[in-house]
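# Examining the three-dimensional arrangement
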Amino acid sequence: MADASLSIGLSGIIAAQTALNVSGENITNSTTPGYARRQVQLAENTPTGPDANMETGVNSDTIVRDCNMYLEGQVQSYNAGLSSATTLSQYLNQIQALLQEPNSANDPISTQLDAFFNDWQALAADPNDSTTQSTLLDAAQQLAQSLQDLQNGLQSVQSSVDQDLSASVTQVNQLTSELAQNNQLTTAATSDGGAPLSLEDQRDALMAQLAQLTGATNTSPQQPTATVQVGGATLVSGSTSLTLNAPASPGGSVTAGDGNQAGPVSITSGTIGALLQLSQTTIPGYLQQLNSFTSGLISMVNEQYAEGVSQNGPSTSATSTNSVSDATAMLAEAGLAVAPTQGQLTINVVDNATGAQTPITISVNPSSESLNDLATAINNAGGGNLTAAVSGGELSISAASGYSLDFAANQGTNILASLGINPFFQGTDASDIQLADALVNNPAGIAAGQSADSGDGSNATAISNLESAASAAFGGNSLAGYWQTVVSGIGTDAENATETQTTAQNMVNTVTTQEQAISGVSLDEEAANVLQYQQLYTDCAHYMATVGQLTQTLLSYISGVS
Amino acid sequence: MRVTEQTRASLLLQGIDQYSSTMNTLNEELSTGMKVNEPSDDPVATGAIMRTNTYIADLNEDISVINTAQSVSQAAGTAMSNSTSILSDVQTAATEAANGTESASQLQALGTQVNQDLESLVQDANSQFEGNYLFSGTATNTAPIAVTRDAQGNIQDITYEGSDTDVTYPVGQGRSSAASVTAQAAYMNVLSTVKQLRDDLNNTQGLSSQDQQAAISNDLNAVTTAQSSFTAQAAEVGSYQSLLTSLNSQMQNSLTNAQSTLANYQDANTAQISVQLQSAQTAYQAIVSSEANQMQQPDLFSYLTG
């Protein structure tokens, strides 16, 4: 009897110690990420053997981890949304900071565009004022530089997105391989009689990080081992993990490199989802808008500018600055950035001695004429006073001796701007826009009028009206209006990302609170447990001491009798 | 529901995050004085601000062009009003000469006076403003009136060298206005008429006294006609001036309105923000102090061990 009583007491001692250990574990890990609180499940020992009514004490072998896998999955999924929104918002804020809009005090592109066109207006009012001329050239160079700077800025954001993407993919590969290892250890330990709970903690912590990066989900939450899927690809299954590759080139997709799962993996959530969206769609979209704006600016200004004459008067020759890829190819297919349109080209031949002007008109049909054909047409129409030649894909037109030429007429085609003859801007988009070489440090060379008269600002007036002129290239919008929609669009994207981030944060807070209500460690509870199990320990010890005393008493009687 | 220390700490952090971010935004608005500091603050207002900024910049440029045109117009008006009074002297001399009582030497004396008037008129026609000729149309670098002189230095031939196209000023919204007239329109007739009068007073053709008188009478009529057409040209410059003045005041009004529109879109209401900032600070302090107090409160362990 004494043996049984002592072992009952001992089971209580062991239970109290186990429970105190568990409380200790809970208290020390109360702030450890991924840790779910443990509880000892005490149960009465089931007696075995013939005397089934015999008391056998307490069983404290089972320790459980308090965790709701459904809530855990929700926390992971909302966290994936949150990190996606956070990444988007962070980068979109960087991008809109590059714009410096809308405050004119920051001298953003909209303000520089106003200044550029207003300087044309000022020049129209005073065409031969050298200060006004220089101011205009400065404004044009500054605008061109700012457009290039913005392009470079967007590209550097794009490359930092791509670097982040590559680092995140590396991190995902590290996590999936750790998770596969965890699965392997769990399987081995389960077959040996039970996996340590710390492996479950580790599994959940790894899963949480994976979800944040990719939005991946554990498709077997009820199993001890995790099966992780994202976008139809299985990242982890049992002890194997799938290695992902970062996009090979900017704007590319994340791909899987392994055997039967090789190919693009669609990741639309988490940090990587956001980075892919930025790299594939958002930033290229902004770049494309910036380039449309810039090429629209270049072609509108150049088209009007080509019709002008500087105060130096008509010139002896004019050469194109945009070359065609093939002088025998039809102009429409000759690789010109600004597509030439069909219509009448007018070249004025000016007799230097008399000042008499003879307009020569040439029909331009880009779909049936090559640059060589155009040169021939000019030669034929020029009556010996004009010579046109093509060299290196560039057209040059020269006036015969004693004559000069200009293009001061309402041109029916944009061929001059398309070929870059008598240009104001050079370049095709935001990557290479610049003031035409002929005008650098040559303010007097600005073609402000349609005659050489010092007070003729008619061409400058026409250019100054372009800022607010509707253009088909911008869907009926003006240059200034188009830029406003671009900036508002970027602002709306950034605002939406920030709002999504706030909403996602609130959702994460809510589900995390619910999850913590189950899995979190409460120090007050642990204190109560410690007190309770300390008491249990003390009482069991007292009980065993009492049993011991009883045995001692019995022995002393027996020895007294003998 | 179980509330753990972790939950409490994360609630505190959420509160701090939320109110710090609110206070940060309000502080930015207060320090810049603007409620839209980046496009995402209000994408719609951003578009409106940019449009209004463009409009204001355009109006400022329009006003500046109008000011230039007004200066040119005023200078042209001054030169023409000087010419008007010279012409009236010429007419007085012609009237005197035409009444038939003057002797040949008196007529010569009047001829000398009219010659001086002719020189002054040429000078007026070739007036410049800031280096540009006022009456040579778009050929602002070329003196509009060129003359040849005889051996005595007297004006012989008078030609117009300028352009027939008026200088026009873009005064905004696609409109343009001229500020002056060409010497071709205003001065050529006047100058040749006055020259003819001078020649007849000096009797350079050696006419009989009777024929000279008849010629001078004709000249008087011609001077009167020339004077009235000159007055019409001067009135045209005057009409440019009044158009420009009225445009200027219209533009100034529009500018004032546009600036107040911009302020509506852009400027922060500092009084309102100060109040919002104050209330955010109060809320921040409340949440921090109440949560911090709770976190500092002894937990069960403190009672058990104490």
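Our subject is the structure that appears above.
Presented here is a report on the structure given in the accompanying data block.

Conventions we followed
Residues numbered from 1 in each chain as written. Chains lettered and ligands numbered in written order. Predicted model: local features only at pLDDT ≥ 70, side-chain atom pairs only at ≥ 80, totals over all residues. Heavy atoms only, no water. Helix = DSSP H or I, 4+ residues; strand = E, 2+ residues; numbered from the N terminus. Rg over C-alpha atoms; globule rule 2.2 N^0.38 Å. Buried < 20%, exposed > 50% of the residue type's maximum accessible area, 1.4 Å probe, protein only. Areas by Shrake-Rupley, 256 points an atom, 1.4 Å probe, with all protein chains shown as cover. Lys, Arg positive; Asp, Glu negative; His and termini not counted. Charge placed at Lys NZ, Arg CZ, Asp CG, Glu CD. Pairing = 2+ DSSP bridges. Axes fitted to C-alpha atoms, helices over the stretch in contact; angles between N-to-C directions. Contact = heavy atoms within 4.5 Å. Buried area = accessible area lost by both parts, 1.4 Å probe. Salt bridge = Lys/Arg side-chain N within 4 Å of Asp/Glu carboxyl O. Nonpolar A, V, L, I, M, F, W, Y, C, P; charged D, E, K, R; others polar. Parallel < 35°, antiparallel > 145°, perpendicular 65-115°, else oblique. Left-handed = near helix turned anticlockwise from the far one by under 90°. Phe/Tyr/Trp six-rings, centres within 6.5 Å; stacked < 30°, edge-to-face > 60°. Patch = residues over 30% accessible without salt bridge, like charges linked within 9 Å, V, L, I, M, F, W, Y side chains within 5 Å. Expected span 1.5 Å × (residues − 1). Bend = angle between axes of the 7 residues up to and from the residue.

Let us look at the overall build of chain A. Helix and strand counts for chain A stand at eleven helices and 17 strands. By the compact-globule yardstick of 24 Å for 562 residues, chain A is too spread out, its C-alpha radius of gyration being 41 Å. On the principal axes, the C-alpha backbone points of chain A span a range of 160 × 50 × 35 Å. Evaluated residue by residue, chain A yields a buried proportion of 47% over its 562 residues. Split by element, the accessible area of chain A, about 24,000 Å² in all, is 50% carbon and sulfur. On chain A, the mean spot of the 4 positive side-chain charges and the mean spot of the 47 negative ones are 35 Å from each other.

Helices and strands together make up the secondary structure of chain B, namely eight helices and six strands. Starting at the N terminus and walking to the C terminus, you meet the elements of chain B as α-α-α-β-β-β-β-β-β-α-α-α-α-α. Compactness check: chain B gives a C-alpha radius of gyration of 39 Å against a globular reference of 19 Å for 306 residues, more than 25% above the reference. Its C-alpha atoms give chain B principal-axis dimensions of about 145 × 30 × 30 Å. Within the span of chain B, comprising 306 residues, buried residues form 41% of the whole.

Turning next to the sheet that holds strand E7 (residues 244-245) of chain A. Residues and elements named next belong to chain A. Reading across the sheet, the three strands line up as E7-E8-E9 and stay open at both edges, with antiparallel pairing between neighbours. Of all strands in the sheet, those bounded by a partner on one side alone are E7 and strand E9 (263-264). Examined bridge by bridge, strand E8 (residues 255-256) and E9 share two bridges and lie antiparallel to one another. The residue of E9 that forms the bridge with Ala256 is Gly263.

With that out of the way, let us pick up the sheet that holds strand E13 (residues 386-391) of chain A. By definition, the strands of a sheet pair up through backbone hydrogen bonds, in either a parallel or an antiparallel sense. All names here are of chain A. The strand order across the open sheet built from three strands is E10-E14-E13, with neighbouring strands paired in antiparallel fashion. Both outer strands of the open sheet, strand E10 (317-319) and E13, are each paired with one neighbouring strand and no more. For this sheet, the mean angle separating the axes of adjacent strands, direction not counted, is 15 degrees. In this structure, E13 lies alongside strand E14 (residues 394-399), joined through six bridges in antiparallel fashion. Bridge pairing in E14 links Ala388 to Ile397. Packing of helix H7 (residues 371-381) onto the sheet brings it into contact with E13 and E14, and relative to E13 it is tilted by some 165 degrees.

Moving on, we get to unusual backbone geometry. Residues and elements named next belong to chain A. Residues Glu101 and Pro102 are joined by a peptide bond in cis, for which omega reads -5 degrees. Position of Pro102 among the secondary structure elements: in the loop between helix H2 (69-99) and helix H3 (109-125). Not every positive phi belongs to a glycine, and Gln100 is a case in point at roughly 65 degrees. You will see that Asn422, though not glycine, has its phi angle at about 55 degrees, which is positive. Considering the arrangement of structural elements, one finds Asn422 in the loop between helix H8 (415-419) and strand E16 (425-426). The class of Asn422 is partly exposed, set by a relative accessible area of 25%.

Contact residues are listed per partner, giving 46 residues for chain B and 51 residues for chain A. Together chain B and chain A conceal approximately 4,000 Å² of surface at their shared face, both sides included; 52% is due to carbon and sulfur atoms. When residues of chain B are sorted by the area they lose upon contact with chain A, Arg2, Met50 and Phe301 of chain B head the list and together hold 18% of the total. Here Arg2 of chain B makes a salt bridge to Glu525 of chain A, at a shortest N to O gap of 2.8 Å. When residues of the side of chain B that touches chain A are assigned to their parent elements, the largest contribution, 14 residues, is made by helix H2 (residues 43-98) of chain B. Looking at side-chain class alone, the side of chain B that touches chain A contains 18 nonpolar, 20 polar and eight charged residues.

Moving on, we come to the packing of H2 of chain A against helix H4 (residues 130-191) of chain A. Residues and elements named next belong to chain A. Running from N to C, H2 and H4 cross one another at 165 degrees; their axes reach a closest spacing of 10 Å. Overall, the two elements H2 and H4 adopt an arrangement that is roughly antiparallel. In this structure, H2 crosses over H4, and the sense of that crossing is right-handed. In this structure, H2 uses Tyr91, Gln94, Ile95, Leu98 and Leu99 to contact H4, whose residues at the interface are Leu150, Gly153, Leu154, Val157, Ser160, Val161 and Asp164. Looking at the contact of H2 with H4, its residues break down into eight nonpolar, three polar and one charged.

This next bit is on the packing of aromatic side chains. Residue and element names in this part refer to chain A. Summed over the entire model, instances satisfying the criterion amount to twelve aromatic pairs over all chains. Ring centres 4.6 Å apart and planes at 20 degrees place the aromatic pair Phe474 and Tyr482 in the stacked group. Across the pair, exposure class does not vary: Phe474 and Tyr482 are buried alike. Here the aromatic residues Phe116, Phe117, Trp120, Tyr305, Phe424 and Phe425 are joined through ring pairs into a cluster of three or more.

Together, Leu531 of chain A together with Leu300, Tyr303 and Leu304 of chain B make up a nonpolar patch on the protein surface, roughly 370 Å² of accessible area in all. On the secondary structure map, Leu531 of chain A appears in helix H11 (residues 523-561).

Once that is clear, we can look at the pattern of salt bridges. All names here are of chain A. Using the criterion set out here, one finds ten salt bridges over all chains in the structure. For Asp204, the salt bridge is made with Arg65, and the minimal N-O distance between the two is 2.8 Å. Taken together, the residues Asp204 in helix H5 (residues 197-214) and Arg65 in strand E2 (residues 58-65) connect sequence positions 139 residues apart. With relative accessibility at 11%, the residue Arg65 sits in the buried group. For Asp204, the salt bridge identified is with Arg203, shortest N-O distance 3.0 Å.

Inspection of the secondary structure assignment puts Gln213 of chain B in helix H6 (residues 209-266). Taking the relative accessible area as the measure of exposure, Gln213 of chain B reaches 18% and is therefore buried.

This part covers the side chain of Ser89 of chain A. For Ser89 of chain A, the location among the structural elements is in helix H2. Once residues lying within four places of it in the same chain are set aside, the contact partners of Ser89 of chain A are Ala497, Thr498 and Gln501 of chain A.

Our next topic: the packing of helix H3 (residues 104-125) of chain B against helix H5 (residues 188-201) of chain B. Residues and elements named next belong to chain B. For the pair H3 and H5, interaxial distance at closest approach is 8 Å and the crossing angle is 160 degrees. Between H3 and H5, the crossing angle belongs to the class labelled roughly antiparallel. Our pair here, H3 against H5, has a crossing hand that is left-handed. From H3, Leu107, Gln108, Leu110, Gly111, Val114, Asn115, Leu118, Leu121 and Val122 reach across to H5, where they touch Val190, Leu191, Val194, Lys195, Leu197, Arg198 and Leu201. A breakdown of the residues in the contact of H3 with H5 according to their chemical character gives eleven nonpolar, three polar and two charged.

Residues and elements named next belong to chain A. Compared with the 52 Å implied by 1.5 Å per residue over 36 residues, the 50 Å span of helix H6 (residues 270-305) between its first and last C-alpha is a close match. Of all the bends in H6, the largest measures some 45 degrees and sits at Leu278. H6 sits mainly inside the fold: 26 of its 36 residues count as buried.

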